[in-house]
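# Survey of secondary and tertiary structure
Now for the letters of each chain:
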Amino acid sequence: MAHRKEIVTIFGGTGFLGKQIVGDLARRGFIIKIATRIPESAYSLKPYGEVGQIVPIECNYLDASSIRAAVKGSDFAVNCVGILFERGKRSRFARVHIDIPAMIAKACADEQVKRFVHISALGCDKATSKYGKSKLAGEAAILSNYPAATILRPSVIFGENDNFFNMFAELSRFTPFLPLIGGGKTKFQPVYVGDVADIVVKALTSNMNKYLGSIYELGGADIVTFKEIYEKLFEYTGRRRRLIHVPYWAAKIQAVFLSLLPKPIFTPDQVESLKTDNIVSEGAKNMQSFDIMPKSMDLILPKYLKNYKAGGRFAWA
Ligand SMILES: NC(=O)c1ccc[n+]([C@@H]2O[C@H](COP(=O)([O-])OP(=O)(O)OC[C@H]3O[C@@H](n4cnc5c(N)ncnc54)[C@H](OP(=O)(O)O)[C@@H]3O)[C@@H](O)[C@H]2O)c1
């Protein structure tokens, strides 16, 4: 495939969503710079493109000049950097969701990057969690530095290698019960990773300027409660587990201890975020603006959740 001349810098390109975006951009012939703290973690992405098409570059997110060097000469930039829980001094919401995006947006403005897409989170404008509030403050920091940014607010993102369904499926391998926090009534609108990546590419490449300086809420084809999400998990993994009702206050206490794990299942802040529905608001700019029909969970989940069936993916149904 002939390379396009355009260069895209992607921050967080080594993550779950970032990898999908790198793959999509590579198929369209872009030259991709993956700005990352650990270039070695991006080496496995090189085969997504041709020789020299995907270039991992070391970036110190705490240093504005390192970020600026990463976007220098690029036509487009995407920011997928994010954390779900805080850890240590460097992994704080304020730093990762506000300071780093602000530095990236400023670098994009200074280096005259033509388009910049930032990944925020659905519901951040109504959030009571630290995670959500930091995501909202990050949006403001971006728009004040780069007013033409396109901001995407996805609901929970699903797809092979996601952090959500895979974590609960993994958990259901060894626990006889799963927690139904707050009765499991919180609503979600899970969105397919491929759809989010398609939208990022459209926002970067559209001939029209209609996506500039706008915020889009991205929800998938289905609105489901947490309890219904578990039902889908049970259906496609073939592992039915008892659901234990845990009120929010008790879940928060449990989460204090769980948050000590290297990769916590829940933190108190995540329990807090479950108090608010995570669905696209009425009247919000949404996926339809990109002419993309969202893929349903029932189409995608069976493809990778079958790996969790007792006896493996080739087990008898
Ligand atoms: N996954 C979802 O369900 C979901 C839902 C709504 C919104 N989002 C948002 O979408 C974006 C991408 O999500 P994702 O699931 O793809 O994220 P991810 O895989 O967890 O991580 C994305 C990237 O963030 C960087 N990162 C991780 N910890 C960091 C830290 N402590 N300090 C600085 N950088 C750090 C890493 O980049 P390097 O190691 O390469 O530096 C990593 O590749 C995030 O902003 C997330 O908040 C995700």
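The sections below set out a description of the structure shown in this document. (Residues numbered from 1 in each chain as written. Predicted model: local features only at pLDDT ≥ 70, side-chain atom pairs only at ≥ 80, totals over all residues. Heavy atoms only, no water.)

### Concerning the sheet that holds strand β3 (residues 54-58)
Taken in spatial order, the seven strands line up as β3-β2-β1-β4-β5-β6-β11 in an open sheet, and their pairing is parallel. The open sheet terminates on both sides in strands that have one partner only, identified here as β3 and β11 (215-218). Strand after strand, the sheet turns through a mean of 20 degrees between neighbouring axes, direction not considered. Two strands pair when backbone bridges link them, and strand β1 (residues 7-11) and strand β4 (residues 76-79) are joined in this way by four bridges, in the parallel orientation. Bridge pairing links T9 to A77 in β4. Across the face of the sheet, helix α3 (residues 93-110) comes into contact with β1, β4 and β5 (115-119) while running at roughly 170 degrees to β5. Packing against the sheet, helix α6 (residues 193-205) makes contact with β1, β4, β5, β6 (150-154) and β11, and its axis sits at approximately 155 degrees to β5. (Pairing = 2+ DSSP bridges. Helix = DSSP H or I, 4+ residues; strand = E, 2+ residues; numbered from the N terminus. Axes fitted to C-alpha atoms, helices over the stretch in contact; angles between N-to-C directions. Contact = heavy atoms within 4.5 Å.)

### Some remarks on the environment of I119
Looking at the element boundaries, I119 is found in strand β5. Residues I119 and N79, 40 residues apart in the sequence, show an inter-C-alpha distance of 6.2 Å. Sequence-distant contacts of I119, that is, excluding residues within four places in its chain, are made with L17, N79, C80, K135, L152, P154 and V200.

### Quick notes on unusual backbone geometry
For Q112, which is not glycine, the phi torsion reads 50 degrees and is therefore positive. Tracing the backbone through its elements, the reader meets Q112 in the loop between α3 and β5. The residue D291 is not glycine, and still its phi comes out positive at about 55 degrees. Summarising the element assignment, D291 is placed in the loop between α9 (268-273) and α10 (297-305). The class for D291 is exposed, based on a relative accessible area of 66%. (Buried < 20%, exposed > 50% of the residue type's maximum accessible area, 1.4 Å probe, protein only.)

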